[in-house]
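Examining the three-dimensional arrangement
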Amino acid sequence: MSDPAPAPAPEPDGSGPPRLLERIATDIVGLRRQAEVLAVALTSGRHVVLEGPPGTGKSTLLRVVAEETGRGVVFVEGNAELTPARVVGYHDPAAVLQSGYRPESFVEGPLLTAMRQGMLLYLEEMNRVPEETLNVLITALAEGEIHVSRLGRVRADPGFRLIAAMNPFDAVGTARIGQAIYDRMCRIAIGYQDEAGERTITERVTGDRGRLVRLAVALGRATRDHPEVRTGASVRGPIDMVHIARGLCGLRGEERAGRDTLLDAALAAFSGRIRLEEGVDRTPEEVVTEILDRLLAAEAEAEADEEPSGAPPPRGRGAGQAPSHGRVLEGRDARAALRESGRRTLARRELETAHAGFAEVSPGVGRLDEAALERLLDRDPDGAAALLCDLAAATDVELRRQARRLAARVFVRLGRAGRPARRGMRRIVPLPGRPDGDLDLDRTLERAGGGLPRSADELVLRGWAGPRRALCLLLDHSGSMRGQAVAMAATAAAAVVLAAGDGVDCCVVAFHRDALVLRPPGSARPPGRVVEDVLSVRARGSTDLALALRTAARQLARAAADERAAVLLSDCLPTAGGDPLAALAGIDRVHVLGTSGLDDSVRAGTALARRGGGRYRRVEGVAELAAALTDLVGVT
Amino acid sequence: MKTKAAVCWETGPDARWELEELELDPPGEHELRIRWVASGLCHSDEHLTTGDLPARLPMVGGHEGAGIVEEVGASVTKVRPGDHVVCSFLPVCGTCRWCSTGQSNLCDLGATLLQGSLPGGEFRFHARGQDLGGMCMLGTFSERSVVSEYSVVKVDDDLPLDRAVLVGCGVPTGWGSSVYAARVGPGDTVVIYGIGGVGINAVQGARHAGAANIVAVDPLPNKREKAEELGATHSVATGEEAQELVTRLTNGVLADRSIVTVGVVDAVVVEQAFNVIRKGGSVTIVGLGPIAEKTIQLSGTMLTLFQKTVQGSMFGSSNPMYDIRKMLELYRVGQVKLDELCSATYSLDDINQGYQDLRDGKNIRGVIVYDS
Ligand SMILES: [Zn+2]
Ligand SMILES: [Zn+2]
C-alpha cells in the first residue's frame, strides 16, 4: 500500500509554535502536553483522535491550535443520522431533475470542503457515527482522495486533516470504531483536569474563588466517582453552579451560601448533566442532594473539628427486607438481590469433588490455567462451562476474579457461536410510505420511468431502519442452578444480548418465585456484564412461570417494536403462581428452550410454546444453545 | 532471625506504637513460627497503650492475626509449614477444667495473655536487651511471631486471609455475644451499644439468631449506616434515643437483650443498657474499661424486682477452636459478612495512622496487610 498520509503541510510561518505555546499557557489549563502533541501531529501531517469525556476542553484545545497554525476548521457533529451523503455531499434533487447529474448540481459536504481547501475537519462524537460513514472517512485518510459517484475523484489538499473526538465512556457504538480507522490516526487521550486544574478553570470563567468554587468543583468530581452515576459532570457543571449560587445569594441577601441555596444551584447545574447507571431507581436530584450533603457535612466537620452536625438523621427500617410473594425487582434492587444470592461461595474441596477437571484448570490456590480450560472446552464443552460457572463462585477470591473475567469472554463467545458474520448495526433501507429520510434520486427516477415524479408516492426516501422486534429472554433459576444450568443461562443471555442492535431490542429476566430484570429493553448493558449477573444468580426454590411471563410482557411493552417475543429457558414445570397458559397477554410469540427431558416437562413446554404461537426446542448443552436460539427466533 | 514489629514501650495518653527491629527466637517445643499475612487493629490493643489494660511492657501489639506457618518446633502435630492459620487470641489447651467442660474461652492458659509470654513462660521477642511479650501471646503487629500451637486454628488455604483474620477476635466475640452469651432468640428486640469491630458483629449475630428488632446505638453516622447495612433494623445516636425508640417499638415492654460493646465501658452506658431491658431481660457486657474502675453502678433493688441479669462475656462465650472455623464456614455460605467489615487496610508502618482513624471513628475494622 502506498503512503496513506498526505504530504506534510509547510509550517505557516516560523513564529507558529512559540506563539502557540504562549496561548496554551494563557488560554488552556493543564493541557499543555496534549496541545504540543496535537500541534506537532498536525504540522507533521497526521490525523488525530482526541479521546476523552465531555467537557475536558477538547474543542477549546482544537480551536486554539487551529487558529495558531493558521488553518480553517469545519465542524461536524457526529450522530447516528450522519449518513455518508451528509459528510460527502449530495446531488440536489431539484437541480438533477432540471438538468441531470452535473457538477453544479452537487452540494458539497463538509468532508469535501475540508479536503479541497486543506482545512481541518473536526468530527465530534465519532463513536456515534454509522459505520458506512466511517468507511468513507477511511478512504479519505488512506488514499488522500475519495471517489464520489457521478462527480468523480476528489483529491485532498495537503493541508487536509481529520481531527475526531470521542468519549471513551460512551457505550453507544464505541466498539464499531474499527482497527482500520485507529490504524490511520494518532490518538491523544485527554482526561479530566486534576482538582487544582478544575478550580483554576472555574475561577477563571466565573471570576469567583474560595468556598463556592471549592464546593462546586468537589461536587462535580464526586459525580464522576459515584457508584450510581454512569456519566458524571464535566467542569461545566461546577461553573454553572458557581454562577447560579452567586446569583441566588444576591437575590436572597445571603453572605455565605446556605444549604438551600447551594442545593438549588447544584440541582440546576448537575441534575440534568449526570446520567445514572442503568436501572438505578433514584433520581439524579437525590444523588446530587446526597453528594452535596456529604460535602457540607465534611466541611462542617473540618471547620468545627467536632462531630458532624449536618449529618443526615438516622434512618429507620430499610424497605423491602422481608421476602414477599412474587416480586419483580429491577435495577438497584435486582442487583442487590443478586449480590445477596451470590453470597454463597464454593470451597476448593467442593469444587474438587464436583468437577473432574478442576485440578487441571486450577492447579493451586489463586490460579486459573486458561489454556487448560480451553482444552477442556474443546473436549467437553458442557463440563468445562459448568466448571467455569462454579469457579466464578469460588471462595478463593483470586480464582473467582479470574474466573469471572474469563467467563464473560467464554460465554460471549459461546453465545456468538453460529452467529452470522454480519456486523451488529442498523442499515439504510428504503422507507415506503414515510415522509422523512433522504431522497433516493436514482430509484425515484427509475420508478418515475425516467421523467419527473408526478406524485409523492413516486418519491423513494431512504432512512435508518429502527429496531423492529423486541425479545425477552426468561431464565429459570429455580431448582438446581449450579454448574451446567448456569452455563446454559449465561450462554443464552450472551447470545440474546449480542443480538441487541441487530434490529432487535433485547431484555433479560431471571426468575424463580421473584423476577429479576437483569437488562431492561433499550439498555446499553453489554453482554459481558449480563453474563456476570447471570453467574451471580443462584438456585432458588419455587418457579413462578406466570409471573415470569407477565414480567416479560411488561418489559416488552417498553420497547418500540412491531413484534414482541419471549424465549423461555426452563423445564416449564411451575411450582408457584398461576397458570402460565393464562399469562401470555402482551407477548406475540413465546418460544421455549426446554432444559429437561422428562415427559411432563416436554409436554408442558410444548403446550406453552403452542399456545404462545412459538416453537419448542429441547436443549441439552451449551453447544446447542446458540444454534437453537438462531433456529427459534433467528436472533443470533 | 530479625523481624520488624510495632511495640508498646510505655503507657500514657500520648503513647504510640514504635516500629522496631526485634530478634525472634526459633520455635521451641509446642511452638511454631508464623509469617503474618494480616492483622486486625482491635480496640483492645489501644487499651494496652492507654494503660486501661495493665500489661507487662514492653509488648508487641496485635492479637488478631492470620498467616502462614513457616517453621514448627518439636512435638507440633496440629500444623505443618505452609498451612494457613487464623490465631485465637485465647489459647486452648483442651485439657484444663474449662476446656474439658466446653468453656475453652476461659482456658487456664489465658493466664499470661497480658504477660505476653508463651505457655512455657518463654519470651521469643528480644530487643534493647529486654524480653518482649506478644499481646495475647501472639504479637501480630510483627512481620513474624513465634506462637504456641494452642493458639492456632488451621483454615482452608483458599480463604482470603486478609478477610479471615477478622474471625480471630472481633467477629466471634461480637457474633457470640449475641448468639451464645445473650442467647438472642427469634422475635427478640436487641439493643447494641457501640458499633465497632465487635458491635457490628453483635448485629450480625442478632440477625442470625432471628431478632425482630436490632437497634444499633452509635454517635457516628457512618457506623449507624454500616450497622443497618449488616442487619440492624434501627439505628440511633444516643442511649436516650434508644430508650425512647425501644419503648415505642415494644409498646413499653422494653428490649429482651442489650449488649455493651462500646470502646470504653463506663457506668453511664451500663446503666442505659440496664434500663432498656424488660423484666427478666439481660445485659451482656463485652467491652472493656479501665481495669480498676467500678463501671457497674446499678440499683440492686431494680435488679431484684425486675429479675434482670447483668453478665460479662469473654470472646462472646465462643469456643475458639470450634467457632473460628464455624465463622469462616458461615462466611463461605454468605451468612456472616467479612468483606464489608474491613473498612481500610494499612501497612505496618502506618499503624499509628490506623489507630488514629480508629479513635476518630472512621473505621469499622482496620486491617494491617503485610507485603512480605
Ligand atoms: Zn480484639
Ligand atoms: Zn484449657
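Described below are features of the structure shown in this document. Please read these numbers as outputs of a predicted model, since none were measured by experiment. (Residues numbered from 1 in each chain as written. Chains lettered and ligands numbered in written order. Predicted model: local features only at pLDDT ≥ 70, side-chain atom pairs only at ≥ 80, totals over all residues. Heavy atoms only, no water.)

**Some points on the sheet that holds strand β5 (residues 120–124) of chain A**
Residue and element names in this part refer to chain A.
- If you trace the five strands from one edge of the open sheet to the other, you get β2-β5-β8-β1-β9, paired in parallel fashion. Only two strands of the sheet have a single partner each, and these edge strands are β2 (73–77) and β9 (186–189). Taking the axes of each pair of neighbouring strands and ignoring which way they run, one obtains an average angle of 20° across the sheet.
- For β5 and strand β8 (residues 161–166), the ladder comprises four bridges, and the chain directions are parallel. Of the residues in β8, the one forming a bridge with Leu123 is Ala164.
- Here helix α3 (residues 58–68) sits on the sheet in contact with β1 (48–51), β2, β5 and β8, set at roughly 175° to β5. (Pairing = 2+ DSSP bridges. Helix = DSSP H or I, 4+ residues; strand = E, 2+ residues; numbered from the N terminus. Axes fitted to C-alpha atoms, helices over the stretch in contact; angles between N-to-C directions. Contact = heavy atoms within 4.5 Å.)

**Some words on the coordination of the zinc ion (ligand 2)**
Residue and element names in this part refer to chain B.
- Only Cys93 (SG), Cys96 (SG), Cys99 (SG) and Cys107 (SG) from the protein reach the zinc ion (ligand 2) as donors, at distances of 2.2 to 2.4 Å.
- Relative to the metal, the four donor atoms surrounding the zinc ion (ligand 2) lie at angles of 105 to 117°, and the coordination shape comes out tetrahedral.
- Each donor residue of the zinc ion (ligand 2) lies on one chain, and together they are spaced C-x2-C-x2-C-x7-C. Residues Cys93 and Cys96 agree in their burial class; the two are buried. (Donors = N, O, S within 2.8 Å, 3.2 Å for Na, K, Ca; no water. Tetrahedral: all angles 85-135°; square planar, octahedral: opposite > 155°, others 65-115°. Buried < 20%, exposed > 50% of the residue type's maximum accessible area, 1.4 Å probe, protein only.)

**Observations concerning the packing of helix α17 (residues 370–379) of chain A against helix α19 (residues 397–416) of chain A**
Residues and elements named next belong to chain A.
- The contact between α17 and α19 brings their axes to 12 Å, and the two run at 25°. Taken together, the axes of α17 and α19 lie roughly parallel to each other. Here α17 runs over α19; the crossing is right-handed. Of the residues in α19, those in contact with Glu370, Leu373, Glu374 and Leu377 of α17 are Leu406, Arg409, Val410 and Arg413. (Parallel < 35°, antiparallel > 145°, perpendicular 65-115°, else oblique. Left-handed = near helix turned anticlockwise from the far one by under 90°.)

**Remarks on the coordination of the zinc ion (ligand 1)**
All names here are of chain B.
- All of the protein donors around the zinc ion (ligand 1) are Cys42 (SG), His63 (NE2) and Cys169 (SG); their distances to the metal are 2.0 to 2.2 Å.
- Counting the intervening residues between successive donors of the zinc ion (ligand 1) yields the motif C-x20-H-x105-C. With Cys42 in the loop between β3 (31–41) and α1 (43–50) and Cys169 in the loop between α2 (161–164) and α3 (170–181), this residue pair connects regions lying 127 residues apart in the sequence. As far as burial versus exposure is concerned, Cys42 and Cys169 are alike and both buried.

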